[in-house]
Amino acid sequence: MSDKSSNQMWGGRFAAGPDAIMEAINASIGFDKRMASQDIAGSRAHAAMLAAQGIVTPSDAEAMREGLLTVLSEIETGEFAFSTALEDIHMNVEARLKEVIGEPAGRLHTGRSRNDQVATDFRLWVRDQLDAAVSGLEALMRALLAQAEAGADWVMPGFTHLQTAQPVTWGHHMMAYVEMFARDLSRVRDARERMNESPLGAAALAGTSFPIDREMTAEALGFDRPMANSLDAVSDRDFALEFLSVASISAMHLSRFAEELVIWSSAQFRFVTLSDRFSTGSSIMPQKKNPDAAELIRAKVGRIFGANVALMMVMKGLPLAYSKDMQEDKEQVFDAADNWMLALAAMEGMVKDMTGNRANLEAAASAGFSTATDLADWLVRTLGLPFRDAHHVTGSLVALAEQKGCDLPDLSLEDMQSVHAAITADVFDVLGVHNSVASRTSFGGTAPVRVREQIALWKEVLG
């Protein structure tokens, strides 16, 4: 399109077109074309409202609405020629609409501004991503539930400081991540409810003198209500920041699990076997099977959190209402959304395909004096020792086992009585890892009976 036609879109404000540098820094069409369907949905709702309010004729509104569908079809089929001279998706669509339907296209922008238009488009786009996140998180939670159900009574080492602490069950460990991703799901739903208000009709910043019906356009676009303040409507990007915050926390959860999968799939641990679909080989070491998908998920949190910080920096110094700085909001959110959705899908695939190595998990659970706490609890419960005394006795028995090169259950009764004479043979009933996990029946504990209760609850919740 010529500079002359570009300038006409500005109503003749500029005598000459911007030079190449200004065009490059000012244009956003290279990325905001991703909002084409949202832009056209908003314009179609606006056109219908203008006709309902008698601001444009029904025939003009119908021409605009049908012409917009033609433009959308061209975009979806790749026939549409985007122009950087027209800066953004809004002006690209409007210019093409004029070519398609002629003079009625000039009435589409009545009672609105690009400020409320872009705010509406962006909200619609982010809302779609939040809906996609709900689906992704629920699918991942179902995959974790399946793993938990399959291994509800498998024993494995529980860690603190990545040191063997107490035995837990595989099912309990999987369910920990179900809880984490459930909080992400809750945050997504909260964010969606909070952001589901329509900026459309706020116009540039002060509203409009045309008798528009903002309730009608809000309802048509699936919003709960119009935003109550026109200044806030065009200048708010809290919904984008909240999306990035939710995505950052969720990506952190994904990264923590990815780190465990990297460790667990190593030759030193061999807790899990990842499928070939989510692993790669080495270019020179034929024995290698690298958990690349997990490693890449682990890295995603950096760019997602970086997007959160970047947009916060964009917004922190802006006076009301709209500033061109806010054009820098979308690329950050687009990139974060792409990578969050990809990470969720990849983690779901890995969890569905991975195989827990039950024998290795149990062998590791039995090592490292993992039942020391059970021994201390037995001393308190059976012999009536104060816990601090029981802790000291248990520490002495651990030291003795280390000296003998064995684990606690391998000590003889005589060995134990050499540390505390009142210990009886009943102590061996609590030193097995299966007995240990079965005894942890407090609410939220690792006992298989508690794990299966939580699995049943979440299966009902997720349907």
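Parameters and conventions
- Residues numbered from 1 in each chain as written.
- Predicted model: local features only at pLDDT ≥ 70, side-chain atom pairs only at ≥ 80, totals over all residues.
- Heavy atoms only, no water.
- Helix = DSSP H or I, 4+ residues; strand = E, 2+ residues; numbered from the N terminus.
- Rg over C-alpha atoms; globule rule 2.2 N^0.38 Å.
- Buried < 20%, exposed > 50% of the residue type's maximum accessible area, 1.4 Å probe, protein only.
- pLDDT = per-residue confidence, 0-100.
- Contact = heavy atoms within 4.5 Å.
- Core = buried A, V, L, I, M, F, W, Y, C linked by side-chain atoms within 4.5 Å.
- Axes fitted to C-alpha atoms, helices over the stretch in contact; angles between N-to-C directions.
- Parallel < 35°, antiparallel > 145°, perpendicular 65-115°, else oblique.
- Left-handed = near helix turned anticlockwise from the far one by under 90°.
- Nonpolar A, V, L, I, M, F, W, Y, C, P; charged D, E, K, R; others polar.
- Polar contact = N/O pair within 3.5 Å; in protein donor to acceptor, adjacent residues only side chain to side chain.

A. Spatial organisation of the overall build of the protein chain. Along the backbone of the protein chain there are 19 helices and six strands. For a compact globule of 463 residues, the expected C-alpha radius of gyration is about 23 Å, and the protein chain comes in at 31 Å, more than 25% above that figure. Projected onto its principal axes, the C-alpha positions of the protein chain cover 100 × 50 × 40 Å. Looking at the protein chain as a whole, 49% of its 463 residues are labelled buried.

B. Summary view of the confidence of the model for the protein chain. Summary statistics for the protein chain give a mean pLDDT of 91 and a share of 94% for residues scoring 70 or more. Under a pLDDT of 50 for its full length, residues 1-6 has, in the predicted model, six contacts with residues more than four places off or in other chains.

C. Broad picture of the nonpolar core. Membership of the largest hydrophobic core comes to 79 residues, with the highest contact counts inside it found for F257, W264, W340 and M347. Every element with two or more residues in this core is listed here: α7 (114-150), α8 (170-195), α11 (238-264), α12 (292-315), α13 (330-353) and α19 (448-462). Apart from the residues lying within four places of it in its own chain, the contact partners of W264 are M156, W170, H173, M174, F257, F269, R270, F271 and V272.

D. Here's a closer look at the packing of helix α15 (residues 372-383) against helix α16 (residues 387-404). Following both chains from N to C, one finds α15 and α16 inclined at 135°, their axes separated by 8 Å at the closest point. Between α15 and α16, the angle falls in the class oblique. Crossing hand, α15 versus α16: right-handed. Listed contacts from α16 to A372, L375, A376, D377, L379 and V380 of α15 are F387, A390, V393, T394, L397 and V398. Class assignment for the residues of the contact of α15 with α16 results in 10 nonpolar, one polar and one charged.

E. View of the environment of R112. Mapped onto the elements of the fold, R112 is located in the loop between α6 (89-101) and α7. R112 sits in the buried class, given a relative accessible area of 7%. Remark: the alpha-carbon pair of R112 and I212, spanning 100 residues in sequence, is separated by 9.5 Å. Each residue touching R112, except ones within four places of it in the same chain, is listed here: G42, S43, H46, Q117, L200 and A203. Within the structure, the side chain of R112 is placed 3.1 Å from the side chain of S43, a separation counted as a polar contact.

F. Structural context of the side chain of D415. Residue placement: D415 occurs in helix α17 (residues 413-419). Given a relative accessible area of 17%, D415 falls into the buried group. Ignoring sequence-local partners within four residues, the contact set of D415 consists of L397, L400 and K404.

G. Molecular detail of the environment of A51. Residue placement: A51 occurs in helix α4 (residues 36-52). Spatially, the C-alpha atoms of A51 and A61 are 5.9 Å apart, while their sequence positions differ by 10 residues. Excluding residues within four positions of it along the chain, A51 makes contact with V56, T57, P58 and A61.

H. Summary view of the packing of α7 against α13. Orientation of α7 relative to α13, taken along the N-to-C sense of each, is 15°, at an axis distance of 9 Å. Overall, the two elements α7 and α13 adopt an arrangement that is roughly parallel. α7 and α13 meet at a crossing whose hand is left-handed. Its residues placed into classes, the contact of α7 with α13 shows 19 nonpolar, three polar and three charged.

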